[in-house]
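Analysis of the macromolecular model
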Amino acid sequence: MDSKLDLCAITETWLNINDGAVRNEVCPSNYVLLDQPRAGHRRGGGTAFMYRESLFHVKKLHGGELNSFEFSEYSVRSKHQNLRVIVIYRRPYSDDHKVLTATFLNEFSNYIEMKVLCREELLLLGDFNIRVDALDDSVATKFSDLLESLGLVQHVEHATRVHGHT
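Residues numbered from 1 in each chain as written. Predicted model: local features only at pLDDT ≥ 70, side-chain atom pairs only at ≥ 80, totals over all residues. Heavy atoms only, no water.

Some words on the environment of phenylalanine 49
Put simply, the rule is: The way it works is that DSSP assigns letters per residue, a run of H or I at least four long becomes a helix, a run of E at least two long becomes a strand, and they are numbered from the N terminus. The classification of residues rests on relative accessible area computed with a 1.4 Å probe and restricted to protein chains. Under 20% of the type maximum is buried, over 50% is exposed, and intermediate values are partly exposed.
In this structure, phenylalanine 49 sits in strand β3 (residues 47–52). Taking relative accessible area as the criterion, phenylalanine 49 reaches 1% and is therefore assigned buried. In this structure, the C-alpha to C-alpha distance between phenylalanine 49 and cysteine 8, residues 41 residues apart in sequence, is 5.8 Å.

Topic: the pattern of salt bridges
To keep it simple, the criterion reads: The salt bridge definition used is simple: a Lys or Arg side-chain nitrogen within 4 Å of an Asp or Glu carboxyl oxygen.
Scanning the model with the defined rule gives seven salt bridges in all. Here glutamate 73 ties to arginine 84 by a salt bridge, and the two come within 2.7 Å at their closest N and O atoms. Of the two residues, glutamate 73 is situated in strand β5 (residues 70–77) and arginine 84 in strand β6 (residues 82–89); the sequence distance between them amounts to eleven residues. Comparing glutamate 73 with arginine 84, the two get one shared label, buried.

Topic: the nonpolar core
The condition is simple: In this description, a nonpolar core means a group of buried Ala, Val, Leu, Ile, Met, Phe, Trp, Tyr and Cys residues linked to one another through side-chain atoms lying within 4.5 Å. Pairs of residues are marked as contacts when any of their non-hydrogen atoms sit within 4.5 Å.
Within the largest apolar cluster, 17 residues are counted, with the highest numbers of intra-cluster contacts made by Phe69, Ile88, Phe104, Phe108, Tyr111 and Phe143. Looking at this core, the elements with two or more residues in it are β6, α2 (101–115) and α3 (138–149). Per-element accounting of this core gives the leading share, five residues, to α2. Other than its neighbours up to four places away in sequence, phenylalanine 108 contacts Phe69, Ile88, Leu124, Phe128, Phe143, Leu146 and Leu147.

A closer look at the pairing of β5
So the rule is basically this: Note on pairing: DSSP must find at least two bridges between two strands before they are called paired.
With seven of eight residues buried, β5 lies mostly within the body of the structure. Where strand β4 (residues 57–65) and β5 come together, eight bridges link them in antiparallel fashion. Bridge pairing links lysine 59 to serine 75 in β5. What sits between β4 and β5 in their antiparallel hairpin is a turn of four residues. As judged from the eight bridges shared by β5 and β6, these two strands associate in the antiparallel manner. Among the inter-strand pairings, valine 76 is bridged to a residue of β6, identified as leucine 83. Here β5 hands over to β6 after four residues, the two strands then running antiparallel side by side.

Thoughts on the packing of α2 against α3
As a reminder, the rule being used: Simply put, an axis is a line fit to the C-alpha atoms, just over the touching stretch for a helix, and the angle between two N-to-C directions goes from 0 to 180 degrees. Working rule for angles: under 35 degrees goes down as roughly parallel, over 145 as roughly antiparallel, 65 to 115 as roughly perpendicular, anything else as oblique. Under the scheme applied here, ten amino acids are nonpolar (Ala, Val, Leu, Ile, Met, Phe, Trp, Tyr, Cys and Pro), four are charged (Asp, Glu, Lys and Arg), and all others, including Gly, are polar.
Here α2 crosses α3 at 5°, and the two axes come no closer than 11 Å. One finds that α2 runs roughly parallel with respect to α3. Here Thr101, Phe104, Leu105, Phe108 and Ser109 of α2 lie close against α3, whose contacting residues are Val139, Lys142, Phe143, Leu146 and Leu147. The class makeup of the residues in the contact of α2 with α3 is seven nonpolar, two polar and one charged.

Considerations on the sheet that holds β6
Reading across the sheet, the four strands line up as β4-β5-β6-β7 and stay open at both edges, with mixed pairing between neighbours. The two strands at the open ends of the sheet, each matched to only one other strand, are β4 and β7 (121–127). This sheet shows a mean twist of 20° between the axes of neighbouring strands, independent of strand direction. Contacting β5, β6 and β7, α2 crosses the sheet at an angle of about 170° to β6.

Shown next, in the form of structure tokens:
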């Protein structure tokens, strides 16, 4: 609120379908929160998009989960611009989530190939859990190559984590 944000993408909301009161409590006045809770009764995850109601007309187009990532997709319209915003959360590999990065790269590639053809400008936001600034990381290189092959650009150039890395 201090930064007077107009748009805000959120990953790992930890909201479920029964958290209506929490949604109301965390959403400031004059803002709208649209979200995609994690399916089932599993903890964690979820994506959301919050926006200043007076500036934008936002419609949630789609949301869900694949094996390797969660997503929500929005049409964002203002007086000056039309955007297609996609919020992604890729849960990292763990004992509870044994999904290889190769699976993510394949699923993400298939998912995003159709999205780059949309008429609006495309904005991907979220947490991919890939250190795209680590030039010696083969996963980061493959992911960056995939984005480049689709004509997408990584705009964030500074560390987004407490211990560094983008």
